[in-house]
Amino acid sequence: ETGVTQTPRHLVMGMTNKKSLKCEQHLGHNAMYWYKQSAKKPLELMFVYSLEERVENNSVPSRFSPECPNSSHLFLHLHTLQPEDSALYLCASSQDWEQGLAADTQYFGPGTRLTVL
Amino acid sequence: GQNIDQPTEMTATEGAIVQINCTYQTSGFNGLFWYQQHAGEAPTFLSYNVLDGLEEKGRFSSFLSRSKGYSYLLLKELQMKDSASYLCAVEGQENTDKLIFGTGTRLQVFP
């Protein structure tokens, strides 16, 4: 257990569905991240939130919509996804996000395995 | 551009030593992480190198050469539970905490 939980662990959805992924961290961290992990590809950073404000958006399509209501919770809202969006979606948190300083260690959740039909 | 290279797969025998290499070409460098990821589980932090040299932590050690853009993860006295993917990640741009990951090296340990 890393102190970061994600639900659901598995999700199958059609292209017209709307669903949400949830991440919760119990570590008292101030920064949270969404990553996409596809087979045989590197982890891709999608979004970063620091103190509930989005500080990074890596050109992610608008069909992915993040939400960070407080420093412990992070959501990823999904709508009209494509089959190529099928992947493992990982949430991570770290103590802080501060430009100009060395990266804080990120702690990952177990991920949500998403399949888009 | 940003590029992290590591072997796709490696195999080794229980009790042996294995070295997983990672080379990188990135714009700027602030540090290098190694993560372990068992199938279906979260990546877990193993090590962080920012200065040249070897960092030892039990059976695992990580080495960094900034001038060569090179790191390796050394696993000693291999155990079956060490079968996992090992991810190399570089904080590659100055003034950002963004991590750039390699594709990972899948290590299989055989008895």
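Coordinates for the structure precede this section.
Residues numbered from 1 in each chain as written. Chains lettered and ligands numbered in written order. Predicted model: local features only at pLDDT ≥ 70, side-chain atom pairs only at ≥ 80, totals over all residues. Heavy atoms only, no water.

A.B. asks: Whenever I open this one, the overall build of chain B confuses me. Can you help?
C.D. replies: Of regular secondary structure, chain B possesses zero helices and 11 strands. In summary, chain B has a C-alpha radius of gyration of 13 Å against a globular reference of 13 Å for 111 residues, a match within 12%. Its C-alpha atoms put chain B at 45 × 30 × 20 Å along the principal axes. Taking all 111 residues of chain B together, the buried fraction comes to 50%. Residue pairs in contact within chain B that sit at least 24 positions apart in sequence constitute 56% of those at least 6 positions apart. Entry remark: accessible area of chain B is about 5,100 Å², with carbon and sulfur atoms responsible for 49%. (Helix = DSSP H or I, 4+ residues; strand = E, 2+ residues; numbered from the N terminus. Rg over C-alpha atoms; globule rule 2.2 N^0.38 Å. Buried < 20%, exposed > 50% of the residue type's maximum accessible area, 1.4 Å probe, protein only. Contact = heavy atoms within 4.5 Å. Areas by Shrake-Rupley, 256 points an atom, 1.4 Å probe, with all protein chains shown as cover.)

A.B. asks: Can you help me understand unusual backbone geometry in this one?
C.D. replies: With the exception of glycine, the majority of residues adopt a negative phi angle, and the majority of peptide bonds are in the trans configuration. Residue A:Pro8 is bonded to the preceding A:Thr7 through a cis peptide linkage, with omega at -10°. Position of A:Pro8 among the secondary structure elements: in the loop between strand E1 (4-7) and strand E2 (10-13). Of note, the phi angle at B:Glu77 is positive, near 45°, even though the residue is not glycine.

A.B. asks: What exactly am I supposed to notice about the sheet that holds strand E8 (residues 70-75) of chain B here?
C.D. replies: Two modes of strand pairing occur in sheets, parallel and antiparallel, and in both the strands are linked by backbone hydrogen bonds. Residues and elements named next belong to chain B. The strand order across the open sheet built from five strands is E1-E3-E8-E7-E6, with neighbouring strands paired in antiparallel fashion. Every other strand in the sheet has two partners, leaving strand E1 (3-5) and strand E6 (53-57) as the edge strands with one partner each. Here the average twist between neighbouring strands, direction ignored, is 15°. (Pairing = 2+ DSSP bridges. Axes fitted to C-alpha atoms, helices over the stretch in contact; angles between N-to-C directions.)

A.B. asks: Please clarify how the sheet that holds strand E7 (residues 64-70) of chain A should be interpreted in this entry.
C.D. replies: Residue and element names in this part refer to chain A. Across the sheet, four strands lie side by side as E1-E3-E8-E7; this open sheet has antiparallel pairing. Since the sheet does not close on itself, it has two edges, and those belong to E1 and E7, each with one partner. Mean inter-strand twist for the sheet, computed between neighbouring axes without regard to direction, equals 20°.

A.B. asks: Could you clarify how one ought to interpret the state of the cysteines in this entry?
C.D. replies: Such a bond, covalent and formed between the sulfur atoms of two cysteines, is termed a disulfide. Residue and element names in this part refer to chain A. Counted by the stated rule, this structure contains two disulfides over all chains. Here cysteine 23 is linked by a disulfide to cysteine 91, with a sulfur-sulfur distance of 1.9 Å. The sign of the S-S torsion, about -70°, decides the handedness of the disulfide formed by cysteine 23 and cysteine 91: left-handed. Of this pair, cysteine 23 sits in strand E3 (residues 18-25) while cysteine 91 is found in strand E9 (residues 87-94), placing the two residues 68 residues apart along the sequence. (Disulfide = S-S within 2.5 Å.)

A.B. asks: How do you make sense of the packing of aromatic side chains when you look at a structure like this?
C.D. replies: Remark: the centre distance and the inter-plane angle together describe each pair of aromatic rings, the angle taken between the planes. Scanning the entire structure with this criterion turns up 15 aromatic pairs over all chains. Look at A:Phe108 and B:Phe101: their rings are 6.2 Å apart centre to centre, the planes differ by 80°, and that puts the pair in the edge-to-face class. With one member in each of two chains, A:Phe108 in strand E10 (residues 107-108) and B:Phe101 in strand E10 (residues 99-101) form a pair that bridges those chains. Under the relative-accessibility criterion, A:Phe108 is labelled buried at 0%. According to the relative accessible area criterion, B:Phe101 is buried, its value standing at 3%. Seen from their ring centres, B:Tyr24 and B:Phe29 are 4.9 Å apart, and the 15° between their planes marks the pair as stacked. For B:Tyr24, a relative accessible area of 9% corresponds to the buried category. (Phe/Tyr/Trp six-rings, centres within 6.5 Å; stacked < 30°, edge-to-face > 60°.)

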